[in-house]
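Residue-level listing of the chains:
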Amino acid sequence: MPVTLPLMTKVPSDPDAQKLLTALPSLEARLPGKEHAVAFLRRFLRSKDLHRTIYIYRKLVQLTTMRTSADFAVSQAADVFCSIRYVTDNPLVQELLQILSTPHLQALLYCYDKVTNHDFEPKIDPIPLNVDEDEAAVKIVRLIKNNEPLGATIAVKDDDEGTIEVARVLHGGAADRSGLINVGDEVHEINGVCVRGLTPDEVVDILSRITGPVTLKLTPSLKTTLQGSRECKTRVKALFDYTPEDDDSIPCPEAGLAFTRGEILHIVSQDDSTWWQARKHGDTKNRAGIIPGKQLQERREMLRRLAAKAEAERSETRPISPCHNSPRIPRQKRLRKTMYHAIQNGEYDTEAVPTYEEVELYQVKPYALRPVILVGPPGVGRNELKRRLKASNAGHFEEVLPHTSRPIRPFEIDGKEYRFISREEMQADIIAQRYAEYGEYKGNLYGTHIDSIQAVINSKKVCLLTPHTQALKLMRTSEIKPYIIYIRPPSLECLQATRSVSLARCTNSDTEDTKLFTTEELQDMIDSGHKLEERFGHLFDYVIVNADLTDALRELILITNKIEREPQWVPIGWCQ
Ligand SMILES: Nc1ncnc2c1ncn2[C@@H]1O[C@H](COP(=O)(O)OP(=O)(O)OP(=O)(O)O)[C@@H](O)[C@H]1O
């Protein structure tokens, strides 16, 4: 219901409408026969409604265009309040009075006045115009600095004058967001202080002590830099752990990004090949951090390996090969359980240094489920977990039928326990790299054919594999797309406790009999696990510690369920 306030009892005639009225007789003389139209115009120009409308319009224009006084909104609200406070018989007026009295509305109007009058801290002085005429083109950049770092690193330029230049601008940082600071810009002054000849540490010190407005006098870089607008879209999986604080060569540890192996990083800049910029996947923080570039990391890791090798050669009293499982368990003894070892095939490229692996997001395909590979040191429980996982969902998981060149025995059926083929046929496919792993036992070849893995995938079942770790490299292809789970042994105390309760049998024996694990064998399992992780850890998608068997199985069921439902990061090229 409209409220009539006692504010507009008499509306003054509008002067412009009056002028039109006085001009009407001359118009009438020039338009013979249009008396009715002119009479209508006269009535219209005299009507109170027109004058009121023009009056309101003029007031509104005045309100929106007038320069506001310091407390314009606040005082206007106070005026309105005073004008209507005695109108007690109208509930709407009462409501308006109540609204105008609320602290929130008053605070809002107060803020409105402050903002429209530009009355806020810190005040930025106008940009000085007293720049030397012969000075190279400079840009004056004004930023308000809070506790957030500027998000740029600086370096001394390779000239004789000790010029400081911007070495990198961190993506998403304050400098980047301003869009005003670019790589290669020379820094001359910070808040009027000349920085030429200072060390980067001294400049950083000046900057870190400033809060509030920072004025930077810069010479713009001559290089066309698009850094602020370009963001490279590379996604990588980190294959090593990184802690910037432990890195002596990082240009600015505070700007570094710590990560652990397996984390997905979004590489946002590779402009500097030595130090990349990255963000962690899922990290909502704006600013990117510095990480070592691939080549730098490879060089450093190679140097570390050379140093380790030299150290090992010096202490030749303890010669342990990195892939040697245990000096106490002879290698042949293990043949009994696994039948063969994939040592010739899938040999790991010891020269490759794991740094970053480019990845892409793989969408689940229900018609081609990813095979699950369980790896770990001998005796850790891979086969036990595989058996239990299979039993947990009958018909959903399937193992691969191995091929062998062994002659078929009476009562054996081809395709039940093994696929029996000739030695020549098997050798030809081994040469053609169609075996994910193979080995020889008592003069016969045994192996896992890639076509057999493919057959399980095509049957829409989840293929379960427990290959030798050496075979991983050949199995980890876009053709098979395996999900690799490492089964890690728990602590020695936990192994002793859990394995003695279950009367766990050590199957690495050269006789048909199995026996209980000795403490020495359990310690070997842990040591062997460490070596596997050091050497192949970058290939693992997930790690399960097999302490309590029920817990480990529950975790295995959860993760195998998850990979059938949720997208996963896979090496680039696997999604085609
Ligand atoms: N979490 C556990 N707690 C107790 N016993 C376990 C656990 N996991 C496995 N075991 C037992 O340990 C023994 C070895 O397990 P399993 O045969 O599965 O090892 P593996 O990793 O397949 O190694 P290998 O290939 O040498 O046999 C088995 O007797 C198994 O029942």
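Residues numbered from 1 in each chain as written. Predicted model: local features only at pLDDT ≥ 70, side-chain atom pairs only at ≥ 80, totals over all residues.

Labelled according to an unreviewed UniProt entry, the chain appears under the name MAGUK p55 subfamily member 7, originating from Patella caerulea.

Turning to the overall build of the chain, a few remarks are in order. For the chain, the helix and strand inventory stands at 17 helices and 23 strands. Counting across all 576 residues of the chain, residues that qualify as buried make up 23%. Counting contacts in the chain only where the partners sit at least 6 residues apart, residues at least 24 apart contribute 67% of the total. (Helix = DSSP H or I, 4+ residues; strand = E, 2+ residues; numbered from the N terminus. Buried ≥ 20, exposed ≤ 12 C-beta atoms within 10 Å, placed from the backbone. Contact = placed C-beta atoms within 7 Å.)

Here we come to the nonpolar core. Ranked by internal contacts, the top residues of the largest apolar core, which has 42 residues, are Ile373, Cys463, Ile484 and Ile485. If you tally residues by element for this core, the top one is strand S19 (residues 483-488), at five residues. Excluding anything up to four places from it in sequence, isoleucine 484 contacts Ile373, Val375, Leu472, Leu539, Phe540 and Asp541. Residues Ile181, Ala255, Ala278 and Val359 belong to the second largest nonpolar core, which totals 30 residues. (Core = buried A, V, L, I, M, F, W, Y, C linked by C-beta atoms within 7 Å.)

Looking now at the environment of leucine 20. Examined against the element boundaries, leucine 20 turns out to sit in helix H1 (residues 15-30). Sequence spacing of leucine 20 and leucine 41 is 21 residues, and the spatial spacing of their C-alpha atoms is 9.5 Å.

With that settled, the discussion passes to the site of the ligand. Lining the immediate environment of the ligand, one finds 20 residues, of which Pro378, Gly381, Asn383, Glu384 and Ala504 sit closest. Of all elements in the fold, only helix H10 (335-338), helix H11 (382-392), helix H15 (492-501) and helix H17 (549-563) reach the threshold of two or more residues within the shell around the ligand. The element best represented in the shell around the ligand is H11, accounting for three residues. (Near = placed C-beta within 6 Å.)

For strand S3 (residues 164-169) and strand S4 (residues 186-190), the ladder comprises two bridges, and the chain directions are antiparallel. Opposite glutamate 165, over in S4, you have glutamate 186 as the bridge partner. Taken together, the four bridges between S4 and strand S6 (residues 212-219) define a ladder with antiparallel strand orientation. In the sheet register, glutamate 189 faces S6, and the bridge partner there is lysine 217. Pairing of S4 with strand S5 (residues 193-194) involves two bridges; the strand directions are antiparallel. (Pairing = 2+ DSSP bridges.)

Looking at the secondary structure, you find isoleucine 250 in the loop between strand S7 (234-238) and strand S8 (264-269). Here isoleucine 250 falls in the partly exposed class, since 19 other C-beta atoms lie within 10 Å of it. As for isoleucine 250 and isoleucine 290, which are separated by 40 residues in sequence, their C-alpha atoms are 8.2 Å apart. Once residues within four sequence positions are removed from consideration, isoleucine 250 is found in contact with Pro244, Gly256 and Ile290.

With that out of the way, let us pick up the packing of helix H4 (residues 72-84) against helix H5 (residues 91-101). The interhelical angle for the contact between H4 and H5, taken along N-to-C directions, is 145°, at an axis separation of 10 Å. The element H4 and its partner H5 pack so that their crossing is left-handed. On H5, the residues that touch Ala77, Val80, Phe81 and Ile84 of H4 are Val93, Leu96, Leu97 and Leu100. Its residues placed into classes, the contact of H4 with H5 shows eight nonpolar, no polar and no charged. (Axes fitted to C-alpha atoms, helices over the stretch in contact; angles between N-to-C directions. Left-handed = near helix turned anticlockwise from the far one by under 90°. Nonpolar A, V, L, I, M, F, W, Y, C, P; charged D, E, K, R; others polar.)

Look at H17: 21 Å from first C-alpha to last across 15 residues, which is about the 21 Å you get at 1.5 Å a residue. Along H17, the residues classified as buried are Ala552, Leu553, Leu556 and Thr560. Each buried residue of H17 lies within a common arc of 95° when the element is viewed along its axis, so the set occupies one face. When the buried face of H17 is taken as reference, the exposed residues oriented beyond 90 degrees from it are Thr550, Asp551, Leu558 and Asn561. The secondary structure elements touched by the buried residues of H17 are strand S12 (372-375), H11, strand S18 (462-465) and strand S22 (542-545). (Expected span 1.5 Å × (residues − 1). Arc of directions from axis to C-beta.)

Once that is clear, we can look at the packing of H1 against helix H2 (residues 35-46). In helix packing, the relevant descriptors are the interaxial angle and the interaxial distance, both defined with respect to the helix axes. At a closest axis distance of 10 Å, the pairing of H1 and H2 adopts a crossing angle of 165°. The orientation of H1 relative to H2 falls into the category roughly antiparallel. In this structure, H1 meets H2 at a crossing whose hand is left-handed. In this structure, H1 contributes Ala17, Leu20, Leu21, Leu24, Leu27 and Glu28 to the contact, and H2 contributes Glu35, Val38, Leu41, Arg42, Leu45 and Arg46. (Parallel < 35°, antiparallel > 145°, perpendicular 65-115°, else oblique.)

The strand order across the open sheet formed by six strands is S10-S9-S8-S7-S11-S23, and the pairing between neighbours is antiparallel. On the outer flanks of this sheet lie strand S10 (289-292) and strand S23 (568-571), each paired with one strand and no other. The average undirected angle you get between the axes of adjacent strands in this sheet is 55°. Bridge count for S7 against strand S11 (residues 356-362) is three bridges, and the pairing is antiparallel. Residue pairing across strands places alanine 238 opposite tyrosine 356, the latter belonging to S11.

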